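Here's the letter readout for the chains.
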Amino acid sequence: MSTTAYIRAAAGTAFGRHAGASSLDLMAAAASQTLEVAQLAREQIDGLLCGYSTTLPHLMLSTLFAERFGLQPAYAHSMQLGGATGAAMLMAARELVISGRCENVLVVAGENRLSGQSRDSAIQTLAQVGDAQYEVPYGASVPAYYALMASEYMHQTGLQREDLAEFAVLMRRHAQSHSGAHLRDSICIEDVLSSKLITSPLGLLDCCPISDGAMAMLVSKHPHHAGARISLRGAGQAHLHQHLTAMRDVMNCGAAVAAQAALQQAGLGVSDMQFLGIYDSFTITLVMLLEELGFADRGQAAAALRAGAFQTGSQQPLNTHGGLLSYGHCGVAGGMAHVLEAWSQMAGMAGARQLPQTPSFGFIHADGGVMSSHVSLVLSREG
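Throughout this description, residue numbers start from 1 for each chain and increase along the sequence as written. Whole-chain, interface and lining totals are the exception, using all residues; otherwise, since this is a predicted model, local features are given only for residues with pLDDT of at least 70 and side-chain atom pairs are given and counted only at 80 or more. Derived side-chain values reflect all non-hydrogen atoms in the structure, with water molecules and hydrogen atoms excluded from consideration.

Visitor: Sorry if this is basic, but what is going on with the overall build of the protein chain here?
Guide: Helix and strand definitions follow DSSP, with helices as H or I runs of at least four residues and strands as E runs of at least two, each counted in order from the N terminus. Counting secondary structure elements, the protein chain contains 12 helices and 11 strands. Expected size for 383 residues packed as a compact globule is a radius of gyration near 21 Å; at 19 Å, the protein chain falls within 12% of this value. Dimensions of the protein chain, computed from C-alpha atoms along their principal axes, come out at roughly 55 × 45 × 40 Å. Buried positions account for 58% of the 383 residues belonging to the protein chain. Taking contacts inside the protein chain between residues at least 6 apart in sequence as the whole, the part at least 24 apart equals 77%. When charges are counted, neither His nor the chain ends are considered; positive counts come from Lys and Arg and negative counts from Asp and Glu. Here the site of a charge means atom NZ of a Lys, CZ of an Arg, CG of an Asp or CD of a Glu. For the protein chain, the distance from the average site of its 21 positive side-chain charges to the average site of its 29 negative ones is 6 Å. C-alpha atoms define the radius of gyration in this analysis, and the globule rule sets the expected value at 2.2 Å times the number of residues to the power 0.38. For every residue, the accessible area (1.4 Å probe, protein chains only) is compared with the maximum for its type, and the residue is labelled buried under 20%, exposed over 50%, or partly exposed between those bounds. Contact definition: two residues touch when any of their heavy atoms are within 4.5 Å.

In structure tokens form, the structure reads like this:
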């Protein structure tokens, strides 16, 4: 049995429109890149975890991909946990390696969510995260669920639309230095505030784009022999509700519970984290998570940003690839892009985006549904 699990390699496609590429095509492209970085052959992969695809709702997606990619794993599993799926798969891969069940687990997800379905189909599919009896019949969409939650949170904390807009601008600024980002055009606070209203208080630029893309990671018993040793040092989950109508308190969605478990397992605290990869499907998602996780005081995330926090030169840079809001969102792989960026920064492989100080500890948090399922990961660089 191993006592440590390493992210031996990570890679992904650019996000945006990949016309003609299926979910399997995109997954295979990301997996090929990852094995090349890991310097491993397909025969050495004994575990496979796949995230779901809304454009390919296959009952056996993991073995379907294994067949397509030429794998014969001793363990295969598909997972569905909304936006938290990617982080949950990495947590599961960690357990498989530490238990001795597997030595090399390929974690992969991808989807042609932009080019592979109509707008109406995407809206209808995603709206099903709502309660079938109390929410869906009233025609609510995912943005509407988040807007209702945003209204309550802003009422309790005093946050304004301008505060949320600060984070849309920050994510776009970070995305401009990444050639693989879906959205790279410069925006300002006024652009966010004047963007088309989707559902009050959220405008178009408060919402992530729909993208095509894929991500893959190799979780292994052995670190990469030629690079930094990036370990999965801690992990935690929390699931306090599924539907918005069952959420008891917007101040306690479960994020802090998951983070506390991950940090306790890692033997570290919030202040030790030197890189943040925080889920940002909407601006309100990012602000609520930063504050519940303890990276900003309640109602003060935007004030902290204006004071210099979360930027590339700060002590805790945030989503330096542009996050879901600008790098893009293609389902499960969207959340995994946060992990790829953390791994790249910690391995010193971020190129022009490389931070002035290579982070020793990284914190990842992902949520699925309407702040429903939460997974936190702590990454550690050794050597």
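And the narrative resumes.
Visitor: Sorry, what's going on with the nonpolar core here?
Guide: Within soluble globular proteins, side chains that are nonpolar tend to cluster in buried spots. With 100 residues, the main nonpolar core has Phe167, Phe310, Leu318, Phe363 and Leu377 as its most contacted residues. Among buried residues, those of type Ala, Val, Leu, Ile, Met, Phe, Trp, Tyr and Cys that are joined through side-chain atoms within 4.5 Å constitute a nonpolar core. Formed by 24 residues, the second largest nonpolar core is a distinct cluster that contains Leu24, Leu40, Leu61 and Ala214.

Visitor: Please explain helix α9 (residues 283-293) as it appears in this structure.
Guide: Turn by turn, an α-helix covers 3.6 residues, leaving residues three or four places apart pointing in a common direction. Burial of α9 is extensive: 11 of the 11 residues sit out of reach of the surface. Those residues of α9 that fall on the buried side of the exposure criterion are Thr283, Ile284, Thr285, Leu286, Val287, Met288, Leu289, Leu290, Glu291, Glu292 and Leu293.

Visitor: Just checking my understanding: could you explain the pattern of salt bridges for this structure?
Guide: Where charged atoms from two side chains of opposite charge come close, those side chains can pair. The rule for a salt bridge is simple: a side-chain nitrogen of Lys or Arg has to be within 4 Å of a carboxyl oxygen of Asp or Glu. As enumerated under the stated definition, the model contains eight salt bridges in all. Among the salt bridges present, the one from Glu95 reaches Arg94, with a minimum N-O distance of 3.3 Å. Classification of Glu95 as partly exposed rests on a relative accessible area of 38%. Judged by relative accessible area, Arg94 falls into the buried class, the value being 8%. Arg113 is the salt-bridge partner of Glu111, the closest N and O atoms lying 3.3 Å from each other. Each of the two residues, Glu111 as well as Arg113, counts as buried. Taken together, the shared-partner salt bridges connect Asp163, Glu166 and Arg306 into one network.

Visitor: How should helix α6 (residues 161-175) be read in this particular structure?
Guide: In this scheme, a helix's expected span is set at 1.5 Å multiplied by one less than its residue total. For α6, with 15 residues, the first-to-last C-alpha span of 22 Å sits near the 21 Å given by 1.5 Å per residue. Here α6 lies mainly inside the structure; 12 of its 15 residues are buried. Among the residues of α6, those classed as buried are Asp163, Leu164, Ala165, Glu166, Phe167, Ala168, Val169, Leu170, Met171, Arg172, His174 and Ala175.

Visitor: Teacher, can you tell me more about the packing of aromatic side chains here?
Guide: Any two aromatic rings considered together are summarised by their centre-to-centre distance and by the angle between their planes. Each pair of aromatic rings taken from Phe, Tyr and Trp, with Trp reduced to its six-membered ring, is defined by centres within 6.5 Å and is described as stacked if the planes are under 30 degrees apart, edge-to-face if over 60, and tilted in the remaining cases. With the rule as written, the count across this model stands at five aromatic pairs. Plain terms: the ring middles of Phe167 and Phe310 are 6.1 Å apart, the flat faces sit at 50° to each other, and that makes the pair tilted. Here Phe167, found in helix α6, pairs with Phe310, found in the loop between α10 (301-306) and α11 (323-326); they are 143 residues apart in sequence, far enough to count as distant. The class of Phe167 is buried, set by a relative accessible area of 0%. Accessibility expressed as a relative area gives 2% for Phe310, which makes it buried. Here, over-ring charges are defined by two tests on the NZ atom of lysine or the CZ atom of arginine: distance to the ring centre within 6 Å, and angle to the ring normal within 35 degrees. The ring of Phe69 is capped by Arg42, whose NZ or CZ atom sits 3.9 Å from the centre of that ring.

Visitor: Is there a simple way to explain the pairing of strand β9 (residues 275-278) in this structure?
Guide: Across a regular strand the side chains alternate sides, sitting on one face of the sheet and then on the other. Where burial is concerned, the two faces of β9 agree: the one with Phe275 and Gly277 and the one with Leu276 and Ile278 are both buried. Examined bridge by bridge, β9 and strand β10 (residues 361-368) share four bridges and lie parallel to one another. Pairing of Leu276 across the sheet is with Phe363, part of β10. Should DSSP find at least two bridges between two strands, the strands are regarded as paired.

Visitor: What is the right way to look at the state of the cysteines in this model?
Guide: Here a disulfide denotes one covalent bond, and it connects the sulfur atoms of two cysteines. Any two cysteine sulfur atoms lying within 2.5 Å of each other are counted as a disulfide. This model, assessed by the stated rule, comprises zero disulfides. Just so you know, Cys102 is unpaired, no disulfide at all, and the nearest cysteine sulfur is the one on Cys50, 13 Å from it. For Cys102, a relative accessible area of 2% puts it in the buried group. You can see Cys253 has no disulfide; the closest cysteine sulfur is in Cys208, sitting 18 Å from it.

Visitor: Before we go on, may I ask you to explain the layout of surface pockets in this structure?
Guide: If a probe the size of a water molecule is rolled over the atoms, the empty space left behind becomes visible. Put simply, the second largest pocket is a space of about 230 Å³. A pocket, in this scheme, is an open set of points on a 1 Å grid over the protein atoms alone with protein on both sides within 12 Å along at least 5 of 7 lines, while a cavity is a set where a 1.4 Å probe fits but cannot get out; residues line either one if an atom lies within 4 Å of a point. In terms of lining, the second largest pocket is formed by 14 residues, of which the most central are Gln274, Ser314, Gln315, Gln316 and Gln357. Each residue is assigned to one of three groups, with Ala, Val, Leu, Ile, Met, Phe, Trp, Tyr, Cys and Pro labelled nonpolar, Asp, Glu, Lys and Arg labelled charged, and all others, Gly among them, labelled polar. Looking at the lining of the second largest pocket residue by residue, the class counts come to five nonpolar, eight polar and one charged. Grid points are joined across faces, edges and corners, and a volume is the space filled by probe spheres set on the points.

Visitor: Which parts of the structure should I look at to understand the side chain of Glu111?
Guide: Among the secondary structure elements, Glu111 is positioned in strand β4 (residues 104-112). Apart from the residues lying within four places of it in its own chain, the contact partners of Glu111 are Ser23, Leu26, Tyr52, Ser53, Thr54, Thr55, Gln117, Ser211, Asp212, Gly213, Cys330 and Gly331.

Visitor: Can you walk me through the side chain of Thr34 in this structure?
Guide: As for its position among the elements, Thr34 is in helix α1 (residues 23-38). Setting aside chain neighbours within four positions, we find Thr34 in contact with Ala9, Ala10, Ala11, Ala216, Met217 and Leu218.

Visitor: Would you mind going over the packing of helix α5 (residues 142-157) against α9 with me for this structure?
Guide: The axes of two packed helices give the description: the angle between them and the distance between them. Interaxial distance between α5 and α9 falls to 10 Å at its minimum, and their mutual angle equals 50°. Considering their axes alone, α5 and α9 lie oblique with respect to each other. Along this stretch, α5 crosses α9, giving a crossing that reads as left-handed. Residues Tyr146, Met149, Ala150 and Tyr153 of α5 touch α9, and the partners they reach there are Ile284, Thr285, Met288 and Glu291. Angular values range over 0 to 180 degrees, each being the angle between N-to-C directions of two axes fitted as lines to C-alpha atoms, with helices fitted over their stretch in contact. For classification purposes, angles smaller than 35 degrees are called roughly parallel, those larger than 145 roughly antiparallel, those between 65 and 115 roughly perpendicular, and all remaining angles oblique. Two helices cross in a left-handed way if the nearer one is turned anticlockwise from the farther one by less than a right angle. They cross in a right-handed way if the turn is clockwise.

Visitor: How should the environment of Ser23 be read in this particular structure?
Guide: If you trace the backbone, Ser23 turns up in helix α1. As a C-alpha pair, Ser23 and Arg113 span 90 residues in sequence and 8.3 Å in three-dimensional space. With near-sequence residues (within four places) excluded, Ser23 lies in contact with Ser53, Thr55, Leu56, Gly110, Glu111 and Asn112. Pairs of N or O atoms within 3.5 Å make up the polar contacts considered here, provided that, within protein, one atom can donate a hydrogen while the other can accept it, and that residues adjacent in sequence are counted only when both atoms are side-chain atoms. Looking at Ser23, its side chain comes within polar contact range of the side chain of Asn112, at 3.2 Å.

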